[in-house]
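Chain by chain, the residues run as shown.
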Amino acid sequence: MRITDVRGRVIEMPYPRPFVPSWAPEGAHRAMSAVIVEVETDEGVVGVAGGDMGHGTGPMLLAAVKDWIRPQLVGLDAFATTHVANRLRYVAEYVFPRPWVVGVAVWDAVGKACGRPLYKLWGGHAGSVRAYASFGEVRSPAQRAEDSLRVVEEGFQGIKLRVHSATIDEDVAQVAAVREAVGPGVAIMVDANQAAARWRYAPDGSRLIWDYDRALATARELAGLGVAWLEEPLPRHDYRALCELTTASPIPIAGCEHNRGIGQLVRMLEDGCFDIFQPDANESEEIGALRDFGAMAAARQRRVIPHAWATGLGVAGNLQLCASLPNCDWLEYPYDPPVIVPEVFHSMLTKPLLPDSSGMVGVPEGPGLGVELDYATIESLTVQQV
Ligand SMILES: [Mg+2]
């Protein structure tokens, strides 16, 4: 089954109101920008995938698709996924660091050709994965307590809060208010979003917000609130500090959504940088290699819980990965009403991926990613294509 074409498009999904993610010191976002790629084959099978391409990087991926990825992949056997992965690594090293969504689309074509969902091709057996509601904004403790109660009533068993306040006391106050509201039975995760340089500074760029001492002090405070993990507390390349923090912290330390490539992932695993690794099938490395990485991490008693702050199509790829991993017990599900809701994030799918009343998201049983695209909606959202 030869690859005959690779196409890409950028879509913009308007938000119902401006959204101020904790990781956007520059201000409110008015829309979610994302990409959709299609890999066409000579057997008529078309693989699709999609991911978040914020901060205006979608057009850069399209340029890479047109000038590099398409010429590199056309003519290859789609089943030769390790060969595809190496071609994408070449692109990642020289042209654009996040071409991995194309690898997910190739795998979607493989699954469709086999008539099986990817997680079954990869040995998974769980038909559903427990989802946690991943919030995106920093809101007042009282507001977050109310928000959390509502999503727990809807069925979610876990919630991820963002902390990005000036002081530890303010960060902890939000988490404490939520713990008091939801009680001891709900998992609370805390994401500091400190791994990437642009998020580590005060809005005016004048000073660092977090350092090692603040990360450890925060972890100790959060331990008293029964927090499930502290995510991205330090710069992504400070391997030594991450290892020291993971060793010293009373709660699990999670991260690596921004560490690219299998080389970095293996290095961080060997160095013990995290208790929980969070590579993203669309952002971090080729999805088949992430399945392999999951096995390596399982052999070291580490969990792999992929990052999945993405559209419904982006979540679909990570959901197949989650369901195939022996050491993954949560699915990140972007959900922060009234803005981050399936009506916006899943609008490119004919059927949104919805959690049930127990907060479980069923893995689609259709072939490949198991999802179908709503092309009428996609056309209306498309702002650029190649
Ligand atoms: Mg994160």
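Residues numbered from 1 in each chain as written. Predicted model: local features only at pLDDT ≥ 70, side-chain atom pairs only at ≥ 80, totals over all residues. Heavy atoms only, no water.

Peer 1: Give a description of the domain arrangement of the chain that names residues and reports values.
Peer 2: Think of interface size as the accessible area that goes away when the parts come together; that is how it is often given. When cut into domains, the chain gives domain 1 (3-115 + 373-385) and domain 2 (120-362). Once you take the C-alpha centre of each, domain 1 and domain 2 turn out to be 23 Å apart. Summing both sides of the interface, domain 1 and domain 2 together bury roughly 3300 Å²; the carbon and sulfur share of this comes to 66%. Viewed at the interface, domain 2 and domain 1 are joined by 11 residue pairs in polar contact (both at pLDDT 80 or more). At the level of secondary structure, the elements contributing two or more residues to the side of domain 1 that touches domain 2 comprise strand S1 (3-19), strand S2 (29-41), strand S3 (46-52), helix H2 (81-94), helix H3 (100-114) and helix H13 (375-381). Class assignment of the residues belonging to the side of domain 1 that touches domain 2 gives a composition of 27 nonpolar, 8 polar and 6 charged. (Domains from an automatic or database assignment. Buried area = accessible area lost by both parts, 1.4 Å probe. Polar contact = N/O pair within 3.5 Å; in protein donor to acceptor, adjacent residues only side chain to side chain. Helix = DSSP H or I, 4+ residues; strand = E, 2+ residues; numbered from the N terminus. Nonpolar A, V, L, I, M, F, W, Y, C, P; charged D, E, K, R; others polar.)

Peer 1: Account for the coordination of the magnesium ion, naming residues and giving values.
Peer 2: Taken together, Asp191 (OD), Glu231 (OE) and Glu257 (OE) make up the protein donors of the magnesium ion, found 2.0 to 2.3 Å from the metal. Note on glutamate 231: relative accessible area 1%, which makes it buried. (Donors = N, O, S within 2.8 Å, 3.2 Å for Na, K, Ca; no water. Buried < 20%, exposed > 50% of the residue type's maximum accessible area, 1.4 Å probe, protein only.)

Peer 1: Explain the side chain of arginine 291 residue by residue, including any values.
Peer 2: By the secondary structure assignment, arginine 291 is in helix H10 (residues 287-299). One buried charged residue, arginine 291, remains without a salt bridge, the closest side chain of opposite sign being aspartate 292 at 5.9 Å. Not counting chain neighbours up to four residues away, the residues in contact with arginine 291 comprise Trp122, Leu321, Ser324, Leu325 and Pro326. (Lys, Arg positive; Asp, Glu negative; His and termini not counted. Salt bridge = Lys/Arg side-chain N within 4 Å of Asp/Glu carboxyl O. Contact = heavy atoms within 4.5 Å.)

Peer 1: So, the sheet that holds S3: which residues are in play, and what are the values?
Peer 2: Strands sit in the order S3-S2-S1-S13 across an open sheet of 4 strands; the sheet is antiparallel. On the outer flanks of this sheet lie S3 and strand S13 (382-385), each paired with one strand and no other. Averaged over all pairs of adjacent strands, the angle between strand axes in this sheet comes to 20°, irrespective of strand direction. The pairing of S2 with S3 spans 7 bridges and is classified as antiparallel. The residue of S3 that forms the bridge with isoleucine 36 is glycine 50. Contacts from helix H1 (residues 58-73) reach S1, S2 and S13, with the element oriented near 165° to S1. (Pairing = 2+ DSSP bridges. Axes fitted to C-alpha atoms, helices over the stretch in contact; angles between N-to-C directions.)

Peer 1: Run through the packing of helix H9 (residues 261-271) against H10, naming residues and quoting values.
Peer 2: The interhelical angle for the contact between H9 and H10, taken along N-to-C directions, is 10°, at an axis separation of 11 Å. When the axes of H9 and H10 are compared, the pair comes out roughly parallel. Every residue of H10 that contacts H9 at Ile262, Leu265, Val266 and Leu269 is listed here: Ala289, Leu290, Phe293, Met296 and Ala297. Looking at the contact of H9 with H10, its residues break down into 9 nonpolar, no polar and no charged. (Parallel < 35°, antiparallel > 145°, perpendicular 65-115°, else oblique.)

Peer 1: Talk me through H1; I want residue IDs and the actual numbers.
Peer 2: The first and last C-alpha atoms of H1 sit only 19 Å apart over 16 residues, clearly below the 22 Å expected at 1.5 Å per residue. In H1, a bend of some 50° at valine 65 exceeds every other bend along the element. Taken as a whole, H1 has its buried residues at Gly58, Leu61, Leu62, Ala64, Val65, Ile69, Gln72 and Leu73. Those residues of H1 hidden inside the fold are in contact with S1, S2, H2, H3 and S13. Positive phi appears at glycine 75, one or two residues downstream of H1, with a value of about 100°. (Expected span 1.5 Å × (residues − 1). Bend = angle between axes of the 7 residues up to and from the residue.)

Peer 1: Kindly report on a nonpolar patch on the surface, identifying the contributing residues and their values.
Peer 2: A cluster of nonpolar side chains, contributed by Trp68, Tyr90, Tyr94 and Val95, occupies part of the molecular surface with about 410 Å² of accessible area. Position of tryptophan 68 among the secondary structure elements: in helix H1. A relative accessible area of 34% means that tryptophan 68 is categorised as partly exposed. (Patch = residues over 30% accessible without salt bridge, like charges linked within 9 Å, V, L, I, M, F, W, Y side chains within 5 Å. Areas by Shrake-Rupley, 256 points an atom, 1.4 Å probe, with all protein chains shown as cover.)

Peer 1: Tell me what's going on with the nonpolar core, and back it up with residues and numbers.
Peer 2: Counting 129 residues, the largest nonpolar core has Ile3, Leu61, Ile69, Leu73, Val102, Val175 and Leu313 as the members making the most contacts within it. It is H3 that contributes the most residues to this core, 9 residues altogether. Split by domain, this core shows at least three residues from each of two domains, domain 1 (3-115 + 373-385) and domain 2 (120-362). (Core = buried A, V, L, I, M, F, W, Y, C linked by side-chain atoms within 4.5 Å.)

Peer 1: Residues and numbers for unusual backbone geometry, please.
Peer 2: With omega at 10°, the peptide bond leading from proline 337 into proline 338 counts as cis. In the Ramachandran plot, asparagine 193 falls in the positive-phi region, its phi being about 50° despite a non-glycine side chain. Its relative accessible area of 2% is what places asparagine 193 among the buried residues. Residues other than glycine seldom take positive phi values, yet glutamine 301 does so here, at roughly 60°. Of note, glutamine 301 is situated in the loop between H10 and strand S10 (303-304).

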